[in-house]
Amino acid sequence: MKPMKHVLLLVTMFAVALCAPAFAAGKSIVLDGSTTVGPIAKSFAAYFMKKYGVKVTVSESGSGNGAKSLINKTCDIASMSRAMKPQELAAARQKGVSPVQHTVALDGIAMVVHPGNPVRTLTKAQIADIYKGRVTNWNQVGGPNSRIVVIQRESNSGTQEAFKELIMGKSAQISKTAETQASNGAIKNRVSSTRSAIGFVGLGFVDRSVKPVAVNGVLPSAASVKSGKYQVSRPLYFYTNGQPAGNVKKFIDLSKTPDGKRMVAELGFVVK
Amino acid sequence: MRAEEVSKAGGRSGAFIISARKRKLQRAVQKAGESALLLIASFVAIVVLFIFYFVAVDAVPYFQLRGFSEFFTSSSWYPADEPGEFGALAIIYGSLMVTLGSTLLSVPMGIAAAVCLSDILPFSVRQYAKPVIEMLAAIPSVAFGFFALVIFAPLLQTQGGPILMWAWWVLAAPFLLLAIIVVSDLLTAKIEDQNKRQQLSMVLLAVFGIGALAFLYWVGSVLRGLEIITGTNALNVSIILSFMALPTIVSVSEDALQAVGRELREGSYALGATRAETLVKTILPAASSGILAAVILGVMRALGETMVVWMASGNSSHIPEPWFNYLEAVRTLTATIAGDMGEADQVTGSARYHVLFAMGLLLLVISFFSNLISERIVVRQRKILSGQ
């Protein structure tokens, strides 16, 4: 009898273990997408779990992957740092998904250099030339005599696409010698440790380890992004499949509550 | 029943007498066991075939869409543009460059370490040294990548010249010393007179030693003067990958050296060979097939590694200027597949999606052929050694 009891106990334990996530899954919210929107999504998630006791899972795999997850119905909310492309919308329609766009906040893309770099300001044309590979030395834009290490994001990145669209124009090609890093954090890390590097990160990622450069004479800040003076800025989105309802709606509407606005501002983004 | 009777009657053990039914059952069980094992073994083979098949199925549409020439001859990699450009030449080159670099570093180091472990160090030291080296293999590649990106890359930028100089001295000095000793030993081995031999080998050692020191110093001072602009480059990745390939190379070639056995070693000493002669002329040739297998395994490790190169190679798809410049950022096949997969997926059916499979197929083909070649060399070597 005794072994029988043990077996029964084990079976029940397994059953409970298997069911527990299933119960939670009924209520939980899954987010996937942009690494730029990631900090907002994560602090919203922490706040939401504390307030409503609903489990929120946040993955950061790039805007493109977020869209993919939404289309494949593996997430409830896709966080994206760019609008969905026509091909993505078409792919969504094909799979019976109707993406709905919600603006969470505004974000400036800050051009950052090493704190020891004397260059303070660049024009949009100069930045475009640096990324196109026409300007390859800092002394061509008023800096020291040193080769420029150009750092970009990988092609999954919404920041990368927004940067290309806002600074370079759609059809321009970034120089072949430009290095590629996989996240805002990795770019910040590389720029903060490389004297002759230039990169771009979301405004929320700028801290003392890197130096933001003024673009066309305007430094990136919450105020300059909101007023539209800082030209390299874009809205950040949450996408849902159809109009949100229930917990998902509550989650998305967080950005309109005072607490949500406070969190967005604290993270260095700009409240819409 | 009958068996029991017999055993009672004859007083012998019944276990040895098997009835027809029992025999049948036994045979059935044996067949079942064998076929189960065969099934498992063939499953592994089938998995490999399926991987080949599915990668090829998704790779072929790329070549149908864009042809072969762009992929292999152009170095313009702009998959996200409209229309995209899919020149993978620079990426293939980057993969080969990083693999070659790590092989050049890890193979001499690995074989030297294996020789040292198997023939030079006392047994008690070897017992502890080998597990420690093998532990390198247990470190996850993302940890290596993190180290390469966060610690090693900035270090190369600030202290690159001196680091290279010291690395050169530490790595090259023992090799040159060993080479000098072996060469002078071999050159003087034919001289009969004991005194004359010793004198001549001393002279040779001194001459070679001064030459080697001058060479070491000259290369060292050139390296010291180098300034490394970006630390995420081919050199960084080659060094880290060579560390990752080392445990495989050391462990497998040490096993091969051990497998040579006492007889050959003692036979060689009995013929009057010195230790160096025994090592170079007897043991290394005898173990060469195993060492080659170790080298191929190490090369495959470096070619297939993804996380480290994705994090620390810089990922810029151009062929360095000049072509052997390891201080520039490169991009490899594996890193490109890892980095571009996410975006490519939603436009399934496009060249941008299939080109990644073409890269995967290329990697598979490269590793398949190098395995094949190594297998053939091993077989031939075995034939030569067994005197056929």
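Thresholds, definitions, all that
Residues numbered from 1 in each chain as written. Chains lettered and ligands numbered in written order. Predicted model: local features only at pLDDT ≥ 70, side-chain atom pairs only at ≥ 80, totals over all residues. Heavy atoms only, no water. Helix = DSSP H or I, 4+ residues; strand = E, 2+ residues; numbered from the N terminus. Buried < 20%, exposed > 50% of the residue type's maximum accessible area, 1.4 Å probe, protein only. Contact = heavy atoms within 4.5 Å. Areas by Shrake-Rupley, 256 points an atom, 1.4 Å probe, with all protein chains shown as cover. Lys, Arg positive; Asp, Glu negative; His and termini not counted. Charge placed at Lys NZ, Arg CZ, Asp CG, Glu CD. Domains from an automatic or database assignment. Buried area = accessible area lost by both parts, 1.4 Å probe. Salt bridge = Lys/Arg side-chain N within 4 Å of Asp/Glu carboxyl O. Polar contact = N/O pair within 3.5 Å; in protein donor to acceptor, adjacent residues only side chain to side chain. Nonpolar A, V, L, I, M, F, W, Y, C, P; charged D, E, K, R; others polar. pLDDT = per-residue confidence, 0-100. Phe/Tyr/Trp six-rings, centres within 6.5 Å; stacked < 30°, edge-to-face > 60°. Core = buried A, V, L, I, M, F, W, Y, C linked by side-chain atoms within 4.5 Å. Pairing = 2+ DSSP bridges.

*Asks:* I would appreciate a short explanation of the overall build of chain A in the present structure.
*Replies:* Counting its regular elements, chain A contains 10 helices and 10 strands. In terms of its C-alpha atoms, chain A occupies a principal-axis envelope of roughly 85 × 40 × 40 Å. Sorting the 272 residues of chain A into buried and exposed places 50% on the buried side. Considering only residue pairs separated by 6 or more positions, chain A has 73% of its internal contacts joining residues 24 or more positions apart. Summed over all atoms, the accessible surface of chain A reaches about 12,400 Å², with 58% contributed by carbon and sulfur. Considering chain A, the positive charge centre built from 36 side chains and the negative charge centre built from 14 side chains are found 2 Å apart.

*Asks:* Is there a simple way to explain the domain arrangement of chain A in this structure?
*Replies:* Bring the parts together and some accessible area is lost; that lost area is often taken as the interface size. All names here are of chain A. Domain boundaries assigned for chain A yield domain 1 (28–105 + 235–266) and domain 2 (107–233). Between the C-alpha centres of domain 1 and domain 2 the distance comes to 27 Å. Buried surface at the junction of domain 1 and domain 2, summed over both partners, amounts to about 820 Å²; 45% is from carbon and sulfur atoms. Interface area lost by domain 1 to domain 2 is led by Thr35, Thr36 and Arg82, which between them contribute 47%. Glutamate 161 is the salt-bridge partner of lysine 85, the closest N and O atoms lying 3.6 Å from each other. Applying the counting criterion to the domain 1 and domain 2 interface returns 6 residue pairs in polar contact (both at pLDDT 80 or more). Among the elements that make up the side of domain 1 that touches domain 2, the one with the highest residue count is helix H3 (residues 63–71) (3 residues). Counted by class, the side of domain 1 that touches domain 2 contains 3 nonpolar, 8 polar and 2 charged residues.

*Asks:* Please explain the interface of chain A and chain B as it appears in this structure.
*Replies:* Every contact between the two is made by 30 residues of chain A and, on the other side, 34 residues of chain B. Note on chain A versus chain B: buried area summed over both sides is about 2,500 Å², and carbon and sulfur give 44% of it. Where chain A packs against chain B, one counts 13 residue pairs in polar contact (both at pLDDT 80 or more). Those elements that place two or more of their residues in the side of chain A that touches chain B are H3, helix H4 (86–94), helix H6 (158–168), strand E7 (179–181) and helix H7 (184–193) of chain A.

*Asks:* Just checking my understanding: could you explain the confidence of the model for chain B for this structure?
*Replies:* Detail in the predicted coordinates should be disregarded across regions flagged by low pLDDT. In the predicted model, chain B carries a mean pLDDT of 86, and 93% of its residues have values of at least 70. Here residues 3–10 of chain B is a poorly scored stretch, pLDDT under 50, and it has 7 contacts once near neighbours within four places are set aside; other chains count.

*Asks:* Can you help me understand the domain arrangement of chain B in this one?
*Replies:* Domain assignment breaks chain B into domain 1 (2–41) and domain 2 (88–385). One C-alpha centre belongs to domain 1 of chain B, the other to domain 2 of chain B; they are set 55 Å apart.

*Asks:* Is there a simple way to think about the side chain of A:Asp32 in this case?
*Replies:* Residue and element names in this part refer to chain A. Along the chain, aspartate 32 turns up in strand E1 (residues 29–33). For the buried aspartate 32, no salt bridge exists, and the shortest N-O distance to an oppositely charged side chain is 7.5 Å, to lysine 68. Beyond its immediate stretch of four places on either side in the chain, aspartate 32 contacts Ser59, Glu60, Ser61, Asn65, Gly66, Ser69, Cys75, Ile77, Ala78 and Ser79.

*Asks:* Help me understand the packing of aromatic side chains in this model?
*Replies:* Aromatic rings in a pair are described by how distant their centres are and how their planes are angled relative to each other. Per the counting criterion, the structure on display carries 24 aromatic pairs over all chains. Taken together, the ring pairs connect B:Tyr62, B:Phe63, B:Phe68, B:Phe71, B:Phe72, B:Trp77 and B:Phe86 into an aromatic cluster.

*Asks:* Explain the nonpolar core to me, please; I cannot follow it from the model alone.
*Replies:* Nonpolar side chains in soluble globular proteins tend to be buried together. Judged by nonpolar contacts, the single largest core of 31 residues is most densely connected at A:Met111, A:Leu122, A:Ile127, A:Ile130, A:Tyr131, A:Phe163 and A:Ile198. Mapped by element, the contributors of at least two residues to this core are strand E4 (99–113), helix H5 (124–132), H6, strand E8 (197–202) and strand E9 (211–215) of chain A. B:Met97, B:Val219, B:Ile240 and B:Ala302 belong to the second-largest nonpolar core, a separate cluster that totals 25 residues.

*Asks:* What is the right way to read the pattern of salt bridges from this model?
*Replies:* When the charged atoms of two side chains with opposite charge come close together, those side chains can pair. This model, assessed by the stated rule, comprises 22 salt bridges over all chains. One connected set of salt bridges, linked through shared partners, spans B:Arg126, B:Lys130, B:Glu134, B:Glu254 and B:Asp255.

*Asks:* What should I look at first to understand the pairing of strand E10 (residues 233–241) of chain A in this one?
*Replies:* A regular strand places its side chains so that they alternate between the two faces of the sheet. Residues and elements named next belong to chain A. Across 4 bridges, the pairing between strand E3 (residues 77–80) and E10 is antiparallel. Bridging from a neighbouring strand, isoleucine 77 pairs with threonine 240 of E10. Pairing analysis gives 9 bridges linking E4 to E10, with the strands arranged antiparallel. Its bridge partner lying in E10, histidine 102 is registered against phenylalanine 238.

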